[in-house]
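Chain by chain, the residues run as shown.
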Amino acid sequence: MSVMREKLENTNETVFTAEFPSIDGGGMAKVEKSAARLAPWFDAVNATDNPAAHAHASNTSSAIAMKMHGLEPIMQIVCRDKNRLAIQADMMGAALHGIENISLLTGDDVTAGDEPETRRVFDIDSTQAINIARILTTGTYLSGRKINPAPDFYISAVENPAAPPFDYRIERALKKYRAGAKYLQLQICYHPDRLEKFCAGVAKIAPDLKLIPTIVLVKSAKPLGFMNDKVPGIDIPLDTINRVSAASDQADEAYKLTLELAKHALSLPAVRGLHVTDFRHDDSLDSFMYDLGQKPRN
Amino acid sequence: MLKKLLPFVEHAIKKPVWDCRMCGQCVLHSTGMTCPMTCPKTLRNGPCGGVRENGNCEVIPDMQCVWAKAYDRKVSLPMPTVWKEHFNELRPPVDMRLQGSSSWINLLTKRDQQTPAGWSTTDGDH
């Protein structure tokens, strides 16, 4: 049984997940380096699927590499690059390699990436993909063709608590839950009030659905500005960016802001953990985890 | 004859009003009378996470998000209650074989309700 399933379904423990850096060159040596940094702190790590519409080592191969290095992968599958056949093949490929955690996403548009001339696929959407993953666990492909034995996935999805239409986001979380998602990792959110409303709404209409908000470790106002300007669906209030840019020690102020957001997120209903992402060279991960009361494992 | 004529008639009516893409399996009544096939990602079950702060589309910045519009209309337009109740139902993947055919005929023949043999929904029983 995956650690994610065990902890979220059978305990009240807080789970911590992280974004595993995309894999390009550097082979397994590079994977090992990232794994060593994350392993002491995280229950599972996201194996992304061409994040921000940039090509990298594939989701399945990355997830296998993480597993080989002792980490539990959450394998993402986005709907942008693959049709329903390829998506089911990804899921069965994950099952073949003992990858239980799969997460289904729409995917950023190709225009967000470095190859905007690419053809979009979107043969199915993320909610349909969640439902298809659930169908596979009942022992059939979408076609009805039998799978024996059926794969055993622990299915999750992603939702953006801070993008319009706000009220609908809560209903959409319920829809994803009904389709088969057991937990949602949430998009980066710099609007604590919106996050609070979303979590309270989900706790009310889908009490068994677990939420894992995302926290980003940043060292200055620059990445905040970048996310605000470039990442689809992320809005960062000007006051928040100014708070960091006006500080005499930007790194210290950014850290304080991040810690505040993390503690607030963990205090909200339905929240069962945090997803942590950073810009690779951030050295504050260890102190951040200590400040959240965590101790390194092993 | 009718099978050839109807798609033209349907397109002539639905294109100007809803920017109809002739998917052949019309769900307008359940999506706030807003065509989900006009979403650049052709999402039939709600908005992606890329909606801009002003409610506009990630891909086409000067267009309102199709699902933001659909949700507004579902909430504010007078519509049969059953249509509003269908808003959050899980719509199945598009059957690409119906592209270009008349959804009116597919509705009458119930062809538009055919889903792959393995498709099922939990219908809230989770």
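Our structure's up above, just so we're on the same page.
Here is what the cut-offs are and how they apply
- Residues numbered from 1 in each chain as written.
- Chains lettered and ligands numbered in written order.
- Predicted model: local features only at pLDDT ≥ 70, side-chain atom pairs only at ≥ 80, totals over all residues.
- Heavy atoms only, no water.
- Helix = DSSP H or I, 4+ residues; strand = E, 2+ residues; numbered from the N terminus.
- Buried < 20%, exposed > 50% of the residue type's maximum accessible area, 1.4 Å probe, protein only.
- Areas by Shrake-Rupley, 256 points an atom, 1.4 Å probe, with all protein chains shown as cover.
- Pairing = 2+ DSSP bridges.
- Right-handed = clockwise from strand over helix to strand, strands pointing away.
- Salt bridge = Lys/Arg side-chain N within 4 Å of Asp/Glu carboxyl O.
- Polar contact = N/O pair within 3.5 Å; in protein donor to acceptor, adjacent residues only side chain to side chain.
- Core = buried A, V, L, I, M, F, W, Y, C linked by side-chain atoms within 4.5 Å.
- Contact = heavy atoms within 4.5 Å.
- Expected span 1.5 Å × (residues − 1).
- Axes fitted to C-alpha atoms, helices over the stretch in contact; angles between N-to-C directions.
- Parallel < 35°, antiparallel > 145°, perpendicular 65-115°, else oblique.
- Nonpolar A, V, L, I, M, F, W, Y, C, P; charged D, E, K, R; others polar.

How should the overall build of chain B be read in this particular structure?
Across its full length, chain B holds 4 helices and 0 strands. Starting at the N terminus and ending at the C terminus, chain B contains elements arranged as α-α-α-α. Dimensions of chain B along its principal axes, counting C-alpha atoms only, are 50 × 40 × 30 Å. By residue count, 47% of the 126 residues in chain B fall in the buried class. When the accessible surface of chain B is split by element, carbon and sulfur atoms take 59% of a total near 6,700 Å².

I tried to follow the pairing of strand 5 (residues 154–159) of chain A on my own but got confused; where do I start?
Every other side chain in a regular strand lies on the same face of the sheet, so the side chains alternate between the two faces. Residues and elements named next belong to chain A. In terms of burial, strand 5 is a largely internal element, 5 of the 6 residues being buried. The pairing of strand 4 (residues 101–105) with strand 5 spans 4 bridges and is classified as parallel. Looking at strand 5, one finds that Asn-101 is bridged to Tyr-154. Note that the unit made of strand 4, helix 5 (residues 126–137) and strand 5 has a crossover that is right-handed. Traced from strand 5 through helix 6 (residues 166–179) to strand 6 (residues 183–186), the parallel crossover comes out right-handed.

Is there a simple way to think about the pattern of salt bridges in this case?
Two side chains with opposite charge may pair up if their charged atoms get near one another. All names here are of chain A. One pass over the full model with this rule turns up 26 salt bridges over all chains. With its nearest N and O atoms 3.1 Å apart, the salt bridge here joins Arg-5 to Glu-100. In this pair, Arg-5 sits in helix 1 (residues 3–10) while Glu-100 sits in the loop between helix 4 (84–96) and strand 4, placing the two residues 95 residues apart along the sequence. Glu-100 matches Arg-5 in its accessibility class, with the two residues each being buried. Linked by salt bridges that have partners in common, Lys-7, Glu-13, Asp-43 and Arg-297 make up one network.

Would you take a moment to explain the environment of Thr214(A) for this structure?
Residues and elements named next belong to chain A. Within the element layout of this structure, Thr-214 appears in strand 8 (residues 214–217). Linking Thr-214 and Ser-126, residues 88 residues apart in sequence, is a C-alpha distance of 19 Å. There is a polar contact of 2.5 Å between the side chain of Thr-214 and the backbone oxygen of Leu-186.

Can you help me understand the side chain of Ser103(B) in this one?
Relative to the helices and strands, Ser103(B) is located in helix 4 (residues 103–108). A distance of 3.2 Å separates the side chain of Ser103(B) from the side chain of Lys14(B), its partner in a polar contact.

So what exactly am I meant to see when it comes to unusual backbone geometry here?
Each neighbour pair has its own omega, and for Asn148(A) with Pro149(A) the value is 0°, a cis peptide bond. Position of Pro149(A) relative to the elements: it lies in the loop between helix 5 and strand 5. Even without being glycine, Phe122(A) reaches a positive phi, approximately 45°. Tracing the backbone shows Phe122(A) in the loop between strand 4 and helix 5. Phi is positive for Lys110(B), close to 65°, though the residue is something other than glycine.

Just checking my understanding: could you explain the nonpolar core for this structure?
One recurring pattern in soluble globular proteins: nonpolar side chains tend to sit buried together. Residue and element names in this part refer to chain A. With 86 residues, the main nonpolar core has Met-91 and Phe-288 as its most contacted residues. Tallying contributions element by element places helix 10 (residues 250–266) first for this core, with 7 residues. Ignoring any residue separated from it by four or fewer positions in sequence, one finds Met-91 in contact with Ile-77, Ile-102, Leu-104, Ala-129, Ile-132, Ala-133, Leu-136 and Phe-153.

Any chance you could explain helix 10 of chain A here in plain terms?
Three or four residues apart is the spacing at which side chains of an α-helix point the same way, because the helix has 3.6 residues per turn. All names here are of chain A. End to end, helix 10 covers 24 Å across 17 residues, agreeing with the expected 24 Å (1.5 Å per residue, within 8%). Considered for burial, the residues of helix 10 that qualify are Glu-253, Ala-254, Tyr-255, Leu-257, Thr-258, Leu-259, Leu-261, Ala-262 and Ala-265. Lining the buried residues of helix 10 we find helix 7 (192–205), strand 8, helix 8 (221–230), helix 9 (238–245), strand 9 (273–278) and helix 11 (285–291). Put simply, Asp-249 is the residue that caps the front of helix 10, since its side-chain oxygen is 3.2 Å from the backbone nitrogen of Ala-251.

Please explain the packing of helix 9 of chain A against helix 10 of chain A as it appears in this structure.
Between two packed helices, what matters for the description is the angle formed by their axes and the separation of those axes. Residues and elements named next belong to chain A. Look at helix 9 against helix 10: their axes get within 8 Å of each other, and the N-to-C directions meet at 140°. When the interaxial angle is binned, helix 9 and helix 10 end up oblique. Residue-level inspection shows Thr-240, Arg-243, Val-244 and Ser-245 of helix 9 in contact with helix 10, the latter providing Gln-250, Glu-253, Ala-254, Lys-256, Leu-257 and Glu-260. Its residues placed into classes, the contact of helix 9 with helix 10 shows 3 nonpolar, 3 polar and 4 charged.

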